[in-house]
Amino acid sequence: IIIESDACDLLQINAGSATPDYMAYQYKFDSVHKRVGHEVVVEGDDLILKGKRVLTTRAREPKDIGWDKSGVEYLCESTGVFLTEEKAKAHVDAGVKKVIFSAPAKDDSLTIVMGVNSEMYTGQ
């Protein structure tokens, strides 16, 4: 969905051990939204999604990912490994401004559900 938006850019995907070829396959075919209606190309470690180049990396430690080099400001944490403020701070230390959890926090960090309690977010 993000690749369809003009409001933000998908700059980088860090996918643990997934290869760019596997990521391209998953992007094309394994979605609850529908199959994509545009070309998906693998060029080395990059994916070309709807004509936009997306860097892919396979690092386990945030300091090794290179968020600062690719200009990532907002990160969607989807591994489940960094779901506390303390652990997510490693991504901030590696260059991102904000970490958005895709699952409930495992500490007392604020969990926002759009349309339910989004008014509780005040920029923290």
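Refer to the structure above for everything that follows.
Report follows, based on the coordinates. (Residues numbered from 1 in each chain as written. Predicted model: local features only at pLDDT ≥ 70, side-chain atom pairs only at ≥ 80, totals over all residues. Heavy atoms only, no water.)

## Details of the sheet that holds strand β4 (residues 52-57)
So, step 1. Spatial strand order, β1-β4-β3-β2: 4 strands in an open sheet with mixed pairing. Of all the strands in the sheet, the pair left with one neighbour each is β1 (12-14) and β2 (40-43). Shown here is a sheet whose adjacent strand axes are inclined to one another by a mean of 25 degrees, direction ignored.
So, step 2. Sheet analysis places β2 next to strand β3 (residues 46-49), joined by 4 bridges and oriented antiparallel. Directly across from E43, in β3, lies its bridge partner D46.
So, step 3. On top of the sheet, helix α1 (residues 20-29) reaches β1, β2, β3 and β4; it is set at about 175 degrees to β2, its chief contact. (Pairing = 2+ DSSP bridges. Helix = DSSP H or I, 4+ residues; strand = E, 2+ residues; numbered from the N terminus. Axes fitted to C-alpha atoms, helices over the stretch in contact; angles between N-to-C directions. Contact = heavy atoms within 4.5 Å.)

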